[in-house]
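Residue strings, one per chain:
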Amino acid sequence: ALVEVWVHAREKRGEVFTAHHELAHVVIVARRPPNRAYSLAGCPNVTAFGMAIGFVLSGTVLTEVVFSYPGLGSLLYGAVQSEDYALLQGILLIVVTAVLIANLLADVALLIIDPRLRG
């Protein structure tokens, strides 16, 4: 987990440097305080968060099976083992809906954060 935090911190640093040199940042600085570059640089991180929800939900299967926690992951694993297709479809419907909602929220957040997308 620390490696991922380090990678995201390095990406954020590079994105802030590139955002300072973009034309949209120059226009925003003319109208608003300069800390707006951080929100422009945060757009890829918001997108990555929306996509990471799927990885988090898939990681729950491994965690719940290994540590014997009750939850959707262990229920999904049991449904696969017992070939219970109706339960499997229901769980996958819940997971897919959660991922779609997370991506929708990430897209709405991008519309709020980035003024270039409103045009």
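Quick caveat, the model's predicted, so the values are computed rather than measured.

### A short note on helix 4 (residues 43-67)
Taking 1.5 Å of rise per residue, 25 residues should cover 36 Å, and helix 4 covers 35 Å from first to last C-alpha, within 8% of that figure. Remark: the principal bend of helix 4, roughly 30°, maps to Met51. Along helix 4, the residues that are buried comprise Cys43, Val46, Gly50 and Glu64. At the C-terminal side of helix 4, Ser68 shows a positive phi close to 55°.

### Some details on the packing of helix 4 against helix 6 (residues 85-113)
Running from amino to carboxyl end, helix 4 crosses helix 6 at an angle of 175°, the nearest separation of the two axes being 9 Å. As judged from the angle between their axes, helix 4 and helix 6 are roughly antiparallel. Of the residues in helix 6, those in contact with Cys43, Val46, Thr47, Gly50, Met51, Ile53, Gly54 and Leu57 of helix 4 are Val95, Ala98, Val99, Ala102, Asn103, Ala106, Ala109, Leu110 and Ile113. Looking at the contact of helix 4 with helix 6 residue by residue, the class counts come to 13 nonpolar, four polar and no charged.

Reading guide: rules and limits
Residues numbered from 1 in each chain as written. Predicted model: local features only at pLDDT ≥ 70, side-chain atom pairs only at ≥ 80, totals over all residues. Heavy atoms only, no water. Helix = DSSP H or I, 4+ residues; strand = E, 2+ residues; numbered from the N terminus. Expected span 1.5 Å × (residues − 1). Bend = angle between axes of the 7 residues up to and from the residue. Buried < 20%, exposed > 50% of the residue type's maximum accessible area, 1.4 Å probe, protein only. Axes fitted to C-alpha atoms, helices over the stretch in contact; angles between N-to-C directions. Parallel < 35°, antiparallel > 145°, perpendicular 65-115°, else oblique. Contact = heavy atoms within 4.5 Å. Nonpolar A, V, L, I, M, F, W, Y, C, P; charged D, E, K, R; others polar.

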